[in-house]
Amino acid sequence: MARIVGFFPRLDLAMQPRHLALTLAVALAACGAPPPDSGTPAPAVPVQAAPAPAPDAVADAAFGTLSAKALDAWMRLSPVGATQTGDHRFDTALDDLSAAGRKDALDANRALLAELSAIPTGKLSRENQVDAAILRNALESSLWNSEVMQDWAWNPQVYNDLAGGAIYGLMAREFAPLPERIAAATARMEKIPALFAQARENLDPARVPKIHAETVAKQNRGILSIVATFITPHLGELPGEQAERTRAAIAGLEKAVAEHQQWLEGTLVPNAQGDFRIGAEKYDQKLKFALSSSLSRAEIRQRAEAEMKRVRETMYGIAQSVLKDRPGAPEMPAQPTTEQQQAAIEAALELAYADHPARDAVVEDAKASLKVATDFVRAKDLVTLADSPVDVILMPEFQRGVAVAYCDSPGPLDKNLKTFYAISPIPEDWSDAQAESFLREYNGKMIHLLSIHEGIPGHYLEGWHSAKFPSVLRGVLRSGLFAEGWAVYTERMMQEQGYLDNDPLFHLVQLKFYLRTIANALLDQGVHVDGWSREQAMQLMTRDAFQQESEAAGKWTRAQLTSAQLPTYFVGAQEHFDLREAMQKKLGDKFDLKAYHDQVLSFGAPPVRYVRALMLDESIH
C-alpha cells in the first residue's frame, strides 16, 4: 500500500494526501533527464482534442486563484502534511485538533467549497475540470468527515499518526542540514504533550472501538524509538544551547508518552465500547468519496465474486500442470468439485511455500527481488524508469500493526530524496509456528510480488512519474484508487510479460496475491455493512483466497481499523484493466505498451475515471 502520514481534508486511502503551496508549482514542473539506463521515454499515445468548447481564460484564472487559496489554507491547518509535501514553512508547528482548530478547518473548507461552486467549471480547460472535480470531492469529504464521521472523537489513530509523523517526517529524509531538522523536531516535541491532551479531551471512550484503543496502546511508545533512532545519537553534534533544549524536549516527550500510555491502558482500553463497523449509510458515502468511481457497493461485490470464481479456475489449471505425475498428487478431474479444486490448488501452493526467506532475511530478500524486477522492466523496456533513490527499510515501530508493507514517497517538492519501501518485521514475541505461517505467506515468489507492488513498476515508480505533473493541486490530492489500482495492475502485467522466466509457480502465487485484492473488497463491505464475524472473514481469506492464518488474522485487524480503503486495490485495478483494453481496442496495431504506461502515469494520478476521460476524449463528470 502507499502510505503518507498526516491529518488532511480527505478520506482517500489509509494514506493521506500531501499539501503544498501553489506559488511553488514551478518546482513540480521541473523534470530531470532520466539516467542512461532508464530508457528513453516513449512518445505519448496520440489522442484527439476533446470536442468541447474553448476554455474560458477568466474561469481558469479564477480556479487557479482558488486552488492556491485552498492549498495554502490546508498547509496552515496541517503543518505535518506540509512538511511531508516539501513545504517547510511550518516545520516547527503541529496540527491543532482542539475544538477551535477543528472549527477553523470547517470554516475554511466551507468557504472554499462555496467559491468553487461559483466557478463555471464546465468552461474550464479539461485538465482544470479534472482538478475541479478532485477539489470538490476533497472538500465535500472533509466536511462530511468532520461533521458525520468525526474521526477526531473516536479514532485514537488520528493522534498517534500525527505525533509519530510530526517527528518522522522531519528526520527520515535529508531535505535540510541535520541541526535544522533537529531544531524543528525539538519544537514539535515540545508541542506533542498538548496534542496528547487534545486526544484525551476529544476522544469519547464510549465511541472508541476496542481494537482501535488496543492498537494505539501498542503503538504509542513507538514515537520514542523514532527519537532514539534519528535524534539522540546526534545530540553531541549540536551546539550546547540547542542540545540542552533538545534534551529537555526529549525528557518532556518521554514524560508525556508515559502519561498518555497510562491513560490509554488505564482509561481508554478498559472503557472502549464503540463499534468498529460503520454501517451501510456511512460506508456507502465514505466509499463514494474514497473511490471516485461509478461502481456501487453492489456492483463491486458482483464483480469481485465473478473474479474470485474465474481466478480460482485459472489456478486450478496451473495446479493440474505443476502437479502432473507427482507422487501423492490429489485427484484433478477436468470438472472438479469445489473440494477437489481446493485440494489441488493448496497442493500446488505448497510447492511455492517451500521456498521462503529466513525469519531475519525478509528485508534482504525484498532488496534482491526489487533489483530483479527493476532489471526485468529495463530489459523489456516496459515503462520509463525513475532516477530517484529507494531504500528497503524496517517499518518504523509507530506505524506497525496495520499493513505488512507500504511505500512512502517523498513530498512532491522534496526533489531527489529517497522513497522508502517499508516492511514490518516479524514480531520478536511470535512463536516459531506464527513465524512459519507468515513466511509461508511471504514466500520467495510472494516477496517478488511485494517488491513489484510497492517498488518497481508499482508504487515507487508511479509516485516518481506522478510527481512530475505540473498541477500542484493534483499532486496534493493524489488518488489512492489510481495508486493502488496501478500497483495491482503491474503484478498481472509483469506476469504476462514473462517475469521469472514464465515460472508457473510465480503465476500461481501472482493469482493468489490477486485473490487477496478481490477478498479485500468483499471483506471490507462484509465487515462494515453485513456484520461479518471473525469466522466468516477468516473463511473468505484462508479458504477462498488461500491466505495463511497469520496474514488473514492481520487483515481482520486491518478491516476493523480501516474502512473504504481495502476496496481501492480491486476497484482501481479493474479500472486500469478496463482502460488498457479500451486503448488497445482504439489503437489496434498502433498500441505500444511502454507508450501506454508512460501516458497513463503522466497525468499526476487522478482517479482512473478521469485518466480514461482524458485519454479517450470522454466527458469529465
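These remarks concern the structure in this document. Source: prediction; values computed, not measured.

**Digging into the overall build of the protein**
Item 1. When helices and strands are tallied, the protein shows 27 helices and three strands.
Item 2. On C-alpha atoms alone, the protein measures out to a radius of gyration of 24 Å, which is about the 25 Å that the 2.2 N^0.38 rule sets for 621 residues.
Item 3. The principal-axis extents of the C-alpha atoms in the protein amount to approximately 75 × 65 × 50 Å.
Item 4. Burial status across the protein gives 59% buried among its 621 residues.
Item 5. Taking the contacts inside the protein whose residues are at least 6 apart along the sequence as the reference set, 81% of them involve residues at least 24 apart.
Item 6. If you sum the accessible surface of the protein, you get close to 23,900 Å²; carbon and sulfur atoms cover 52% of it.
Item 7. Once the 63 positive and 79 negative side-chain charges of the protein are each reduced to a mean point, those two points are 2 Å apart.

**Things to note about the environment of Gln 150**
Item 1. Summarising the element assignment, Gln 150 is placed in the loop between helix H5 (126-149) and helix H6 (151-154).
Item 2. The contact partners of Gln 150, leaving out residues within four places of it in the chain, are Asn 145 and Arg 207.
Item 3. Reaching out from Gln 150, the side chain makes a polar contact with the backbone oxygen of Glu 147 at a distance of 3.4 Å.
Item 4. One polar contact links Gln 150 to Arg 207, side chain to side chain, over a distance of 3.0 Å.

**Some remarks on the sheet that holds strand S3 (residues 419-423)**
Item 1. The strand order across the open sheet formed by three strands is S1-S3-S2, and the pairing between neighbours is mixed. In the strand order of this sheet, the two ends are held by strand S1 (390-394) and strand S2 (405-408), each with one partner. Adjacent strand axes in the sheet meet at a mean angle of 20 degrees, parallel and antiparallel pairs treated alike.
Item 2. Pairing of S2 with S3 involves four bridges; the strand directions are antiparallel. Residue pairing for S3: Tyr 406 is matched across the bridge by Ala 422.

**Describing the nonpolar core**
Item 1. Among the nonpolar cores identified, the biggest contains 139 residues, and Trp 74, Leu 135, Met 315, Met 494, Ile 518, Leu 523 and Leu 579 are the most heavily contacted of them.
Item 2. Among the elements that make up this core, the one with the highest residue count is helix H22 (residues 504-528) (14 residues).
Item 3. Ranked by size, the runner-up nonpolar core spans 51 residues in total, among them Tyr 159, Leu 162, Leu 253 and Ile 393.

**Concerning the pattern of salt bridges**
Item 1. Going through the model one piece at a time under the given rule, you end up with 36 salt bridges.
Item 2. We note a salt bridge from Arg 492 to Glu 307, for which the minimum N-O separation is 3.8 Å. Of this pair, Arg 492 sits in helix H20 (residues 480-496) while Glu 307 sits in helix H13 (residues 297-323); the two residues are 185 residues apart in sequence, bridging distant segments of the chain.
Item 3. Residue class for Glu 307 comes out buried when judged on its relative accessible area of 11%.
Item 4. In this structure, Asp 391 and Lys 418 form a salt bridge, with 2.9 Å as the shortest nitrogen-oxygen distance.

**Some remarks on the packing of helix H7 (residues 157-171) against helix H10 (residues 222-230)**
Item 1. Taken N-terminus to C-terminus, the directions of H7 and H10 make an angle of 15 degrees; their axes are 9 Å apart at the nearest point. Classified by the interaxial angle, the pair formed by H7 and H10 is roughly parallel. Handedness of the crossing formed by H7 with H10: left-handed. Residues Ala 163, Gly 164, Ile 167, Tyr 168 and Met 171 of H7 form the contact with H10, whose participating residues are Ile 223, Ile 226 and Phe 230.
Item 2. Residue classes in the contact of H7 with H10 are distributed as seven nonpolar, one polar and no charged.

**Looking at the side chain of Asp 87**
Item 1. Relative to the elements of secondary structure, Asp 87 occurs in the loop between helix H3 (79-85) and helix H4 (99-117).
Item 2. A relative accessible area of 2% places Asp 87 in the buried class.
Item 3. Polar contacts involving the side chain of Asp 87 include one to the side chain of Arg 89, which spans 2.8 Å.

**Digging into unusual backbone geometry**
Item 1. With an omega of 5 degrees, the peptide bond running from Ile 456 to Pro 457 counts as cis.
Item 2. Assignment of secondary structure puts Pro 457 in the loop between helix H17 (444-454) and helix H18 (459-466).
Item 3. Positive phi is not limited to glycine here, since Asn 502 has a value of about 55 degrees.
Item 4. Among the structural elements, Asn 502 can be located in helix H21 (residues 499-502).

The rules behind each value
- Residues numbered from 1 in each chain as written.
- Predicted model: local features only at pLDDT ≥ 70, side-chain atom pairs only at ≥ 80, totals over all residues.
- Heavy atoms only, no water.
- Helix = DSSP H or I, 4+ residues; strand = E, 2+ residues; numbered from the N terminus.
- Rg over C-alpha atoms; globule rule 2.2 N^0.38 Å.
- Buried < 20%, exposed > 50% of the residue type's maximum accessible area, 1.4 Å probe, protein only.
- Contact = heavy atoms within 4.5 Å.
- Areas by Shrake-Rupley, 256 points an atom, 1.4 Å probe, with all protein chains shown as cover.
- Lys, Arg positive; Asp, Glu negative; His and termini not counted.
- Charge placed at Lys NZ, Arg CZ, Asp CG, Glu CD.
- Polar contact = N/O pair within 3.5 Å; in protein donor to acceptor, adjacent residues only side chain to side chain.
- Pairing = 2+ DSSP bridges.
- Axes fitted to C-alpha atoms, helices over the stretch in contact; angles between N-to-C directions.
- Core = buried A, V, L, I, M, F, W, Y, C linked by side-chain atoms within 4.5 Å.
- Salt bridge = Lys/Arg side-chain N within 4 Å of Asp/Glu carboxyl O.
- Parallel < 35°, antiparallel > 145°, perpendicular 65-115°, else oblique.
- Left-handed = near helix turned anticlockwise from the far one by under 90°.
- Nonpolar A, V, L, I, M, F, W, Y, C, P; charged D, E, K, R; others polar.

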